[in-house]
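A closer look at the structure
Here's the letter readout for the chains.
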Amino acid sequence: MKHTSITNMLKELYLFSSMDNDELERLTEISSVHNYKKDEHVFMQGELGHHLLIVVEGIVSVFKHDNKGNEIIISFFKPFSLLGEAAILKGVTFPSTAVCKSDGVILKIEFKKFKELFMHDPHISFEIIQSLLDKIQLLQQNIHFTIAKTAKEKVLHFYANNKDLSLELKKYEIASLLGMNAETLSRNIKKLIKEGKLLKVDNRYKLL
């Protein structure tokens, strides 16, 4: 991608909204844009990363495998989310795997140089901390999914907290995120509609 195109892309990202033109120029020098095909890996569990990763286009699934080889989805990430930033900040290997669920674009920034040049900026530090806090919220949500007493509670919690994301995902992906199969998800959606707790509007469901 051309130098000017990367700079224009960086200007659109909330993380860098406080930068002046000189700072954006320096950031552009250590940034690159990568196109991914659907089902292509962004990173693998156990790999050591050296770049900040930002989703620019597409949907990225982050997941782990349990000791039986079952895929456990942690979450799905939309533009303009950071990916794997906790591992990058700590300098450890990725604890999970990331795969594009659609064709996508990922912005990569050399972290060592980024840290030297920009991590002293209060706005950037705040936004990275905010992203980490969002990941903690995702963890809390996953814990809720795990301890919820019924499948219906899991379904209600998902549609209450993921209104936009639910439009981007197929039912089997939502089911996997909730720890159930697609048939169980469909059955509980029908029950919740019948009970007047969920309403289908066009291609989405909303709580009543």
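Chains are numbered independently. Their residues run from 1 in the order of the written sequence. Local features are withheld for residues below a pLDDT of 70 in this predicted model, meaning they are given only at 70 or higher, and side-chain atom pairs are given and counted only at 80 or more; totals for whole chains, interfaces and linings count all residues. Each side-chain value is worked out from all heavy atoms of the structure, with water and hydrogens disregarded.

What to know about the packing of aromatic side chains
For the record, the criterion: We call Phe, Tyr and Trp rings a pair once their centres come within 6.5 Å, taking the six-membered ring for Trp, and we label the pair stacked below 30 degrees between planes, edge-to-face above 60, and tilted otherwise. Under the DSSP-based scheme used, a helix requires at least four consecutive residues in state H or I and a strand at least two consecutive residues in state E, with every element numbered from the N terminus. Per-residue accessibility, obtained with a 1.4 Å probe over protein chains only, is compared with the maximum for each type, and a residue is labelled buried under 20%, exposed over 50%, and partly exposed between these values.
Taken as a whole and judged by the stated rule, the model has 5 aromatic pairs. Judged by centre distance (5.6 Å) and plane angle (45°), the rings of Phe114 and Phe118 are tilted. Here Phe114 and its partner Phe118 are both found in helix α4 (residues 111-118), 4 residues apart, which amounts to about one turn of the helix. Exposure class is identical for Phe114 and Phe118. Each is buried. Taking the centre distance of 5.4 Å and the plane angle of 65° together, the rings of Tyr159 and Tyr205 count as edge-to-face. Here the residue Tyr159 occupies a position in helix α6 (residues 151-161), and Tyr205 occupies one in strand β10 (residues 204-207), the gap between them amounting to 46 residues. Like Tyr159, the residue Tyr205 is buried in the burial classification.

Quick look at the side chain of Ser31
Stated precisely, the cut-off is as follows: Here a polar contact is recorded for every N or O atom pair within 3.5 Å, except that within protein the pair must consist of a potential hydrogen donor and a potential acceptor, and residues adjacent in sequence are included only if both atoms are side-chain atoms. Whether two residues are in contact is decided by their heavy atoms, any of which lying within 4.5 Å being enough.
Residue position: Ser31 is located in strand β1 (residues 31-36). In terms of polar contacts, Ser31 uses its side chain to reach the backbone carbonyl oxygen of Leu27, at 2.7 Å. For Ser31, the residues in contact, after removing those within four places along its chain, are Ile6, Leu10, Leu107, Lys108 and Ile109.

Looking at the sheet that holds strand β6 (residues 82-83)
So the rule is basically this: DSSP calls a pair of strands paired once it identifies at least 2 bridges connecting them.
If you walk across this open sheet you meet the 4 strands as β1-β8-β3-β6, and the pairing is antiparallel. Edge positions in the sheet fall to β1 and β6, since each of these pairs with one other strand and no more. When strand β3 (residues 51-57) meets β6, the two strands line up antiparallel, connected through 2 bridges. Looking across to β6, one finds that Ile54 is bridged to Leu82.

Some remarks on the packing of helix α2 (residues 21-29) against α4
Axis angle and axis distance: for two packed helices, these are the angle between their axes and the distance between the axes, and together they describe the pair. The condition that has to hold: Every axis corresponds to a line fitted to the C-alpha atoms, with the helix fit spanning only the stretch in contact, and the corresponding angles, defined between N-to-C directions, vary from 0 to 180 degrees. Just so you know how the angles are binned, under 35 degrees is roughly parallel, over 145 roughly antiparallel, 65 to 115 roughly perpendicular, and the rest oblique. Handedness of a crossing is defined here by the sense of rotation of the near helix relative to the far one, left-handed for an anticlockwise turn of less than a right angle and right-handed for a clockwise turn. Classification convention: Asp, Glu, Lys, Arg as charged; Ala, Val, Leu, Ile, Met, Phe, Trp, Tyr, Cys, Pro as nonpolar; all other residues, Gly among them, as polar.
Look at α2 against α4: their axes get within 10 Å of each other, and the N-to-C directions meet at 160°. Comparing their axes, α4 and α2 come out roughly antiparallel. Considering only the axes of α2 and α4, their crossing is right-handed. Contacts from Glu23, Arg26 and Leu27 of α2 reach α4 at Phe114, Leu117 and Phe118. Taken together, the residues of the contact of α2 with α4 sort by class into 4 nonpolar, no polar and 2 charged.

Things to note about the nonpolar core
Spelled out, the test is: Among the buried residues, those of types Ala, Val, Leu, Ile, Met, Phe, Trp, Tyr and Cys that are joined through side-chain atoms within 4.5 Å form a nonpolar core.
In this structure, Phe16, Leu27, Val42, Leu83, Leu107, Ile109 and Phe114 are the most contacted members of the largest nonpolar core, which totals 39 residues. Considering each element in turn, this core owes the most residues, 5 residues, to β3. Leave out the neighbours within four places in its chain, and Leu27 touches Leu10, Phe16, Met19, Ile109, Phe114 and Phe118. Counting residues in each nonpolar core, the second largest holds 20 residues, with Phe76, Leu169, Ile174 and Met180 among its members.

Examining a nonpolar patch on the surface
Short version of the rule: Like-charged residues are merged into a patch within 9 Å and nonpolar side chains (Val, Leu, Ile, Met, Phe, Trp, Tyr) within 5 Å, provided each residue has over 30% relative accessible area and no salt bridge. Computed with the Shrake-Rupley method and a 1.4 Å probe, the accessible areas treat only the protein chains shown as cover for residues. Any carboxyl oxygen of Asp or Glu within 4 Å of a side-chain nitrogen of Lys or Arg constitutes a salt bridge here.
On the surface, Ile129, Leu133 and Ile136 cluster together into a nonpolar patch covering about 270 Å² of accessible area. Under the relative-accessibility criterion, Ile129 is labelled partly exposed at 46%.

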